[in-house]
Amino acid sequence: MTEVEILLWSRLRKRQILGVRFYRQKPLLNYIVDFYAHEAKLVVECDGSQHFEEEHENNDKERDSCLNEFGILVLRFNNLQILKEIDSVMQIIWDCVKERLRK
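Everything numeric in this text was worked out from a predicted model, so none of it was measured. (Residues numbered from 1 in each chain as written. Predicted model: local features only at pLDDT ≥ 70, side-chain atom pairs only at ≥ 80, totals over all residues. Heavy atoms only, no water.)

Examining the pattern of salt bridges
Applied cut-off: A pairing counts as a salt bridge when a side-chain nitrogen of Lys or Arg comes within 4 Å of a carboxyl oxygen of Asp or Glu. Strands are runs of DSSP state E lasting at least 2 residues, helices are runs of H or I lasting at least 4, and numbering of each runs from the N terminus. The buried label applies to any residue whose accessible area, calculated with a 1.4 Å probe on protein chains only, is under 20% of its type's maximum; exposed applies above 50%, and partly exposed to all values in between.
Per the stated rule, a full pass over the model turns up seven salt bridges. As a salt-bridge pair, arginine 76 and aspartate 64 come within 3.0 Å of each other at their nearest N and O atoms. Taken together, the residues span a long stretch of sequence, with arginine 76 in strand S4 (residues 73–78) and aspartate 64 in helix H2 (residues 54–69) at a distance of 12 residues. Classification of arginine 76 as partly exposed rests on a relative accessible area of 24%. Via salt bridges that share partners, Asp47, Asp60, Asp64 and Arg76 belong to a single interconnected network.

Structure below.
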C-alpha cells in the first residue's frame with residue numbers, strides 16, 4: 001500500500017464508520033478497488049497523479065460506470081486531498097455511508 005492508502009485505511013478499518021466493514025484491494029467485477037464497503041455498496045479510490053492523464057481518466061470513467069450499473073457508488077479522492085484534508089475526506093465518506101445505509 002502507498003502512504004496515502006495506509007493513512008486512509010487507518011481510518012476505514014475495524015468498522016470505524018458506523019460499524020461498516022471496509023475491505024482493501026477488493027476484487028469487484030473485473031477490477032480491484034482500493035476500498036470497498038459491501039453493506040453500503042461503496043467504493044473509495046485513492047487517485048495518484050497518473051489518474052489525471054487522459055487515458056487513465058477514461059479508464060476510470062468506464063470502470064465507475066460499470067460499478068454504478070451494479071448499484072455501487074465510487075468516491076474518488078486524489079492523494080493530496082487525503083494527505084492534506086483527511087478529516088474532510090472522512091466526513092464525506094461517513095455521510096455517504098450513512099445515506100447509503102438508509103436505502
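Let's talk about the side chain of aspartate 47
Which entries qualify depends on this criterion: Under the rule applied, a polar contact is a pair of N or O atoms within 3.5 Å (in protein, one hydrogen donor and one hydrogen acceptor; residues adjacent in sequence only if both atoms are side-chain atoms).
Along the chain, aspartate 47 falls in strand S3 (residues 42–47). Classification of aspartate 47 as buried rests on a relative accessible area of 7%. For aspartate 47, the side chain forms a polar contact with the side chain of arginine 76, separated by 2.7 Å.

A closer look at the environment of asparagine 78
Mapped onto the elements of the fold, asparagine 78 is located in strand S4. For asparagine 78, a relative accessible area of 23% puts it in the partly exposed group. Measuring from C-alpha to C-alpha, the distance between asparagine 78 and aspartate 47 comes to 4.5 Å, with 31 residues separating the pair along the chain. From its side chain, asparagine 78 meets the backbone nitrogen of leucine 80 in a polar contact 3.0 Å long.

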